[in-house]
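Structure assessment
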Amino acid sequence: MTTQRMTMAQALVKFLDNQYVSFDGVETKFVEGIFTIFGHGIVLGLGQALDEDPGQLKVLQGRNEQGMAHVATAFGKQNNRRKIIACASSIGPGAANMVTAAATATVNNLPLLLLPGDTFATRQPDPVLQQIEQPFSMTITTNDAFKPVCKYWDRVSRPEQLMSAMINAMRVLTDPAETGAVCVAIPQDVQGESFDYPDYFFKKRVHKITRPTPVSDELEDVIQAIMNSKHPMVICGGGVRYSEAGETLEQFCETFNIPFGETQGGKSACKSSSPYCLGGMGVTGNLAANTIAEKADLIIAVGTRLSDFTTGSKALFQNPDVKFISINASRFQAYKVDSIKAVGDAKATLIGLTAALQEKGYKSAYQNEIKEAKAAWDKEMKWFAEYAYDENFKPIVESREPKSIDEFIALTGGTITQTSALCLIRETIDKDAIIVGASGSLPGCLQRMWATDKRDSYHMEYGYSCMGYEVAASLGAKLASPDQEVYAMTGDGSYLMLHTELVTSLQEGKKINVLLFDNCGFGCINNLEMSNGVGNLATEFRYRDEDNQLLGGLMPIDFAKSAAGYGVKTYTAKTLEELKVALEDAKKQTVSTLIDIKVLPKTMTEGYKSWWHCGIASTSAKDSIKIAYESKEANLKKARLY
Ligand SMILES: Cc1ncc(C[n+]2csc(CCOP(=O)(O)OP(=O)(O)O)c2C)c(N)n1
Ligand SMILES: O=C1C[C@@H](O)[C@H](O)[C@@H](O)C1=O
Ligand SMILES: [Mg+2]
């Protein structure tokens, strides 16, 4: 056995540089590089290794550990999980900053390799700077906080442990059914310790991403259920996207006359122009998809977690005889809502099903229902595009602080409605542009309204809906797809929470466009609280008033001015005309841009035929709360219990 004497950190870098994946016979180098924010817990170990010999790995510098890990997560998503950027942090706060991002990646089944520095394995200098000390166990460090939010967790306490740790890390990162965040904690002393690593640890490894098919027993159950169905509906989930099964799904639906609705993860796997595409479904779904869902007798869920938003808190499907099929790479997911299970890859399973159903001559019983549902939604979309602030103006969302809209206009001069802004943006930006979103009211509007024929151009993180993902993730998407324009769709609240990887986009010369919808507050949460009988409490951005309440005047923020200070090309849009000019000009820029869009509060879309189960007080002195609670109880009676 030949060996190479190197430090654990040097061996880690060399190992990562030799990992590949292969999918449908196409081989891809898996690790593009390493994002870091160095500190004492990592700079002299992993930092030294990267300085001496990074191999083909690119070193990137983050601004905030959570932000850089969101960049990496989005890079993994936009590469359809075939490429990653690993993230290395110092110990303590740097590591803890990545916990939120780890959870975000795990919920969304996206590969994210985290390498947080850790306290000394020898314990000699303890407590080191930034070390948490738990008197009940000397083995606990900040990095134990990753355990609940990762799919694999390890700590390399001896240099030779690196080998089994990394092989398991790769197993999980490249497994479609298991992937998510992986944390391999690297104590700062061990990073610099040497070991005689065998050559075979560094050999080129190609991890095959396969397409497992369901066993015939399972497939037969699925075929039988479809044969018995007159009005089935497909749910196109994120698994369709990662399996590159969009075209196969479109053909499946066309062949058997079955409409499909999209989840946030599944949108843009298929072409919106498919005559069978109803658009977004569920709590954030549109009229077309939810109308068909209400009556469907069979739901064929492909590659979806069947979250509360997707299933309308399990109340969307109102046909008393409705049955569920779940086609999923993960058995855990396939078990949901008592589904008839088919555990396998989406594309391979749909191909098998198509052949079997064709042989049996299956066709659904739909006649004009699909066209009619789509036509009703098209009418609504036309209205959204024309929705303007004029003498007939009426806010879409009724529950509100009465003074807010007039005050907003007086303060900002902005009169753009959110729905018309989105229609204009869709019409103006490139057809193949990537839009990125995660939180606030925008995901609901986009899920309902966004249409695209460019596959994988809708990048929405709505598993964790993590505020602050949008701007960072736009950089990740741009790093993955440098030839496409990328737009961060962010609210003012989310932008304020985390946007500093915008500076990293300037550093890397990777242009992103931030479309910042400033409505002076946490708009969707203000809608939620006020429509459920709670007061206007801490959701608009207002100064503290003389009664010591947060009900003073709205806070004006000049986001354009602030981002201009970073070197970003910025614009302020108060009217649709100004927005159009800014969008056109932003396309010509080579640096990152930001458009501060002053959007009227309460002009976002609302739900269609769906219900969202939220916790509501069962005891209150306020009538408005009692009404909200009774309404919740009534809706709950119409929903499945699990
Ligand atoms: C990290 C994080 N904290 C809190 C929330 C809860 N939350 C969801 S949306 C929202 C407000 C979003 O405000 P903004 O970005 O301005 O969007 P708007 O609803 O106004 O369109 C909050 C606080 C969240 N999703 N993520
Ligand atoms: O609590 C929430 C409400 C949703 O409307 C929003 O999109 C999401 O970001 C969230 O966290
Ligand atoms: Mg807002």
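Residues numbered from 1 in each chain as written. Chains lettered and ligands numbered in written order. Predicted model: local features only at pLDDT ≥ 70, side-chain atom pairs only at ≥ 80, totals over all residues. Heavy atoms only, no water.

Which entries qualify depends on this criterion: UniProt positions are given in the numbering used here, feature names are shortened, and annotations may be inferred rather than shown by experiment.
The name given to the protein chain in an unreviewed UniProt entry is 3D-(3,5/4)-trihydroxycyclohexane-1,2-dione hydrolase, and the organism recorded there is Sinanaerobacter chloroacetimidivorans. Quoted verbatim from the Catalytic activity (unreviewed entry) field of UniProt, the annotation for the protein chain is "3D-3,5/4-trihydroxycyclohexane-1,2-dione + H2O = 5-deoxy-D-glucuronate + H(+)". Entered under Function (unreviewed entry) in the UniProt record, the comment concerning the protein chain runs "Involved in the cleavage of the C1-C2 bond of 3D-(3,5/4)-trihydroxycyclohexane-1,2-dione (THcHDO) to yield 5-deoxy-glucuronate (5DG)."

**Notes on the coordination of the magnesium ion (ligand 3)**
Put simply, the test is: Coordinating donors are taken to be N, O and S atoms lying within 2.8 Å of the metal, or within 3.2 Å when the metal is Na, K or Ca; because water is excluded from the atom set, some sites may appear incomplete. A helix here means a DSSP run of H or I that spans at least four residues, while a strand means a run of E at least two residues long, and both kinds are numbered starting from the N terminus. Categorising residues by exposure relies on relative accessible area from a 1.4 Å probe, with only protein chains included: less than 20% of the type maximum marks a residue as buried, more than 50% marks it as exposed, and the intermediate range marks it as partly exposed.
Taken together, Asp492 (OD), Asn519 (OD1) and Gly521 (O) make up the full set of protein donors to the magnesium ion (ligand 3), lying 2.0 to 2.1 Å away. Spacing between the donor residues of the magnesium ion (ligand 3) along their common chain follows D-x26-N-x1-G. With a gap of 29 residues between them, Asp492 in helix H19 (residues 492-497) and Gly521 in the loop between strand S21 (513-518) and helix H21 (523-531) connect regions that are remote in the sequence. Its relative accessible area of 7% is what places Gly521 among the buried residues.

**A few points about the pairing of strand S2 (residues 19-23)**
Condition: In this analysis, strands are considered paired if DSSP registers two or more bridges between them.
Along S2, five of the five residues are buried, which leaves the element largely enclosed by surrounding structure. Bridging between S2 and strand S11 (residues 205-209) involves five bridges; their strand directions are parallel. Bridging across to S11, Tyr20 finds its partner in Val206. Taken together, the four bridges between S2 and strand S3 (residues 26-29) define a ladder with antiparallel strand orientation. Among the inter-strand pairings, Tyr20 is bridged to a residue of S3, identified as Lys29. The hairpin turn running from S2 into S3, its antiparallel successor, is two residues long, and Asp24 in that turn takes a positive phi close to 50 degrees.

**Structural notes on the layout of surface pockets**
Selection rule: Using protein atoms alone on a 1 Å grid, points that fit a 1.4 Å probe yet trap it form a cavity, whereas open point sets bounded by protein on both sides within 12 Å along at least five of seven lines form a pocket; residues with an atom within 4 Å of a point count as lining. Grid points are joined across faces, edges and corners, and a volume is the space filled by probe spheres set on the points. When residues are grouped by polarity, Ala, Val, Leu, Ile, Met, Phe, Trp, Tyr, Cys and Pro land in nonpolar, Asp, Glu, Lys and Arg in charged, and all others, Gly among them, in polar.
Reported here for the largest pocket is a volume of approximately 1200 Å³. The set of elements that each furnish at least two residues to the lining of the largest pocket consists of helix H17 (442-449), H19, H21 and helix H24 (623-637). Looking at which element gives the most residues to the lining of the largest pocket, the answer is H21, with six residues. Among the residues making up the lining of the largest pocket, the classes are represented as 20 nonpolar, 21 polar and five charged.

**Details of the site of ligand 1**
Which entries qualify depends on this criterion: Summary of the distance rule: residues count as near a molecule or strand when at least one heavy atom falls within 4 Å of that molecule or strand. Distance and chemistry together define a polar contact, namely a pair of N or O atoms within 3.5 Å, with one atom able to donate a hydrogen and the other to accept it when in protein, and with adjacent residues in sequence counting only for side-chain atoms on both sides. Here, Shrake-Rupley sampling with a 1.4 Å probe gives the accessible areas, and only protein chains in the shown set may cover a residue. A molecule is counted as occupying a cavity or pocket when more than half of its atoms fall within 2 Å of that pocket's grid points.
In the region of ligand 1, 15 residues are neighbours, and Ser441, Asp492, Gly493, Gly523 and Cys524 sit closest. Note that an oxygen atom of ligand 1 is positioned 2.6 Å from one of the side-chain N or O atoms of Ser441. Between an oxygen atom of ligand 1 and a side-chain N or O atom of Asn519, the distance comes to 3.0 Å. In the complex, 78% of the free accessible area of ligand 1, which totals 590 Å², lies under the protein chains. With respect to the pocket detection grid, ligand 1 is positioned in the largest pocket. Contributing elements (two or more residues each) for the shell around ligand 1: H19 and H21.

**Concerning the environment of Leu12**
Here Leu12 lies in helix H1 (residues 8-16). For the pair Leu12 and Thr213, spaced 201 residues apart in the sequence, the C-alpha separation amounts to 35 Å.

**Overview of the pattern of salt bridges**
Two side chains bearing opposite charge may form a pair once their charged atoms approach each other closely. Short version of the rule: Criterion for a salt bridge: a side-chain nitrogen of Lys or Arg within 4 Å of a carboxyl oxygen of Asp or Glu.
Evaluation of the coordinates by the stated rule reveals 30 salt bridges. Arg211 serves as the salt-bridge partner of Asp345, at 2.8 Å between the closest nitrogen and oxygen. Here the residue Asp345 occupies a position in the loop between strand S17 (340-343) and helix H13 (346-359), and Arg211 occupies one in the loop between S11 and helix H8 (216-227), the gap between them amounting to 134 residues. Accessibility expressed as a relative area gives 8% for Asp345, which makes it buried. We note a salt bridge from Lys626 to Asp623, for which the minimum N-O separation is 3.9 Å. In this pair, Lys626 and Asp623 are both assigned in helix H24, three residues apart and thus about one turn of the helix distant.

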